[in-house]
Amino acid sequence: MRIKILYFTDKGKALAERLKAGLAEHDAVIVPKGVPLAFVCGDAFADSEALVFIGATGIAVRAIAPYVRDKLKDPPVIVMDENGSFVIPLLSGHVGGANSLAIEIAEAIEAQPVITTATDVSGTFSVDLFAKENELRIANRDGIAKVSSSALEGKPVTICIKDYPPKEPVDVLIADEEAAEGLKDPAKIVLCPKRYAIGMGCRKGKAFEDLRVFAEEVLHENGIDISEAGCIATIDVKKDEEGLKRLSQAWRMPLITFEAGLLARTEGDFSHSDTVLEKVGVDNVCERAAVLAAGKGSQIRVSKTARDGMTIAVAERK
C-alpha cells in the first residue's frame with residue numbers, strides 16, 4: 001500500500017521516520033513539511049493513497065473535508081498524536097482498510113489503536129468488510145446500514161449463496177446483479193461476484209498515470225465499469241512494477257502475478273508476439289493472464305490492445 005505520512009513539527013518528523021521504518025512492507029513516503037495540504041490530499045484521494053496525519057485531529061479533518069465523497073471510494077485516513085500513543089482511523093475503516101492499517105501501525109510503534117466503527121467495537125458481522133474480503137461488488141449501498149443495524153441489534157444475519165432464488169427473504173444475497181434484478185425484494189443487500197479480470201503488461205518503469213489513462217480509456221471504450229473487475233493480472237517478473245502496483249491500489253483490486261510457464265500452458269486462442277516471448281518466456285502476457293485470473297470457462301471480452309509500451313486485455317468470468 002502507498003502511504004503518505006504528514007507531520008507538522010520536529011517531534012512529528014521524528015515519529016514519521018520511526019513509522020516509515022516500521023512500515024517497511026509498504027510504500028510509505030514522508031511528505032516534507034510545508035507542502036500544501038490541499039495538494040497532498042487531493043492527489044491521495046484521486047489515487048486512493050492512504051494518509052497518515054501526525055498531529056491534531058482537527059487539522060486532518062479540515063484538510064480532507066473538501067475531498068470526502070464516498071465511503072466506498074474514499075482512501076484510508078488515519079491520525080496519530082505526536083507522542084505516538086494513539087492511532088485513530090478517521091475515514092474508510094472497512095473498504096479502504098483504515099482500521100486494519102491503524103492496527104498495523106499501532107503494532108509497529110507500540111501504540112494503542114482507537115477503533116470506533118460500531119461493528120468492530122461490538123464484534124459483529126460487517127457486510128462491507130465481508131464484501132471486500134471476498135471480492136464482491138455492493139449492488140445497493142443503502143443495504144450496508146440495514147444489515148449492520150440488524151447485526152448490532154443482535155439478530156442473526158442470513159446469507160443466501162447456494163439456493164437461488166432464495167426460498168425465503170434473506171439479509172444478504174450473493175448473485176449476479178442481472179438475476180437479482182428479477183426478484184422482488186430479494187434481500188437487504190445484494191453482493192455481486194465481479195465479472196472481469198484485467199490482464200496487463202508494460203515496459204519497465206512505465207508511469208502510473210500513463211497506465212491508468214490508457215487502461216481507463218480502453219475499459220470505457222468497451223463499456224466495462226472498473227467496479228465490475230476483480231483484479232489486475234500480469235507476469236511475475238512485473239510483481240514489483242511501481243506503476244502496476246499503484247494502479248491496483250488506485251482501483252482497489254489485487255495485483256495477481258503468474259510465472260511464465262503457467263501462462264504458457266493456459267488454453268485459449270491468444271495473439272502471439274515473438275518479441276514478448278524472447279523477453280519474458282511467453283508469447284502473450286495480458287490475454288493469458290486475464291484468462292488465467294478469470295478462471296475456468298472464462299472468455300476474452302477485450303482482446304490485446306497495445307499502446308506505447310503498454311498492453312491490456314479483459315476476460316469475462318463464467
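Note that the structure is predicted; figures quoted are calculated from it, not measured.

Visitor: Report on the overall build of the protein chain, specifying residues and quantitative values.
Guide: When you go through the protein chain residue by residue, the secondary structure sums to 13 helices and 15 strands. Expected size for 318 residues packed as a compact globule is a radius of gyration near 20 Å; at 21 Å, the protein chain falls within 12% of this value. With the C-alpha coordinates of the protein chain rotated into their principal frame, the extents come out at 60 × 55 × 30 Å. Taken over 318 residues, the protein chain has a buried fraction of 47%. For the protein chain, long-range pairs separated by at least 24 residues make up 61% of all intrachain contacts whose partners lie at least 6 apart in sequence. For the protein chain, the exposed area adds up to about 15,600 Å²; of that, 51% sits on carbon and sulfur atoms. Here the protein chain contributes 40 positive and 48 negative side-chain charges, whose respective centroids are spaced 1 Å apart.

Visitor: Residue-level account of the sheet that holds strand β9 (residues 170-174), with values.
Guide: Each strand in a sheet pairs with its neighbour through backbone hydrogen bonds, running either in the same direction (parallel) or in the opposite one (antiparallel). Taken in spatial order, the 4 strands of this open sheet run β7-β10-β9-β8, and their pairing is mixed. In this open sheet, the two strands that pair with only one neighbour each are β7 (136-138) and β8 (159-160). The pairing of β7 with strand β10 (residues 187-193) spans 3 bridges and is classified as antiparallel. Paired with L136 across the two strands is P193, which belongs to β10. The strands touched by helix α7 (residues 143-152) within the sheet are β7, β9 and β10, with β10 carrying the most contacts at an inclination of about 120°.

Visitor: Go over the nonpolar core with me, naming the residues and quoting the values.
Guide: I198, M200, W251, I312 and V314 are the most contacted members of the largest nonpolar core, which has 22 residues in total. Secondary-structure elements contributing two or more residues to this core are β11 (196-202), α9 (208-221), β12 (229-235), α10 (242-250) and β15 (310-316). Leave out the neighbours within four places in its chain, and I312 touches I198, G199, M200, F214, A215, V218, C286, S303, K304 and T305. Counting 21 residues, the second largest nonpolar core, distinct from the first, contains Y7, L19, V87 and A111.

What counts and what doesn't
- Residues numbered from 1 in each chain as written.
- Predicted model: local features only at pLDDT ≥ 70, side-chain atom pairs only at ≥ 80, totals over all residues.
- Heavy atoms only, no water.
- Helix = DSSP H or I, 4+ residues; strand = E, 2+ residues; numbered from the N terminus.
- Rg over C-alpha atoms; globule rule 2.2 N^0.38 Å.
- Buried < 20%, exposed > 50% of the residue type's maximum accessible area, 1.4 Å probe, protein only.
- Contact = heavy atoms within 4.5 Å.
- Areas by Shrake-Rupley, 256 points an atom, 1.4 Å probe, with all protein chains shown as cover.
- Lys, Arg positive; Asp, Glu negative; His and termini not counted.
- Charge placed at Lys NZ, Arg CZ, Asp CG, Glu CD.
- Pairing = 2+ DSSP bridges.
- Axes fitted to C-alpha atoms, helices over the stretch in contact; angles between N-to-C directions.
- Core = buried A, V, L, I, M, F, W, Y, C linked by side-chain atoms within 4.5 Å.

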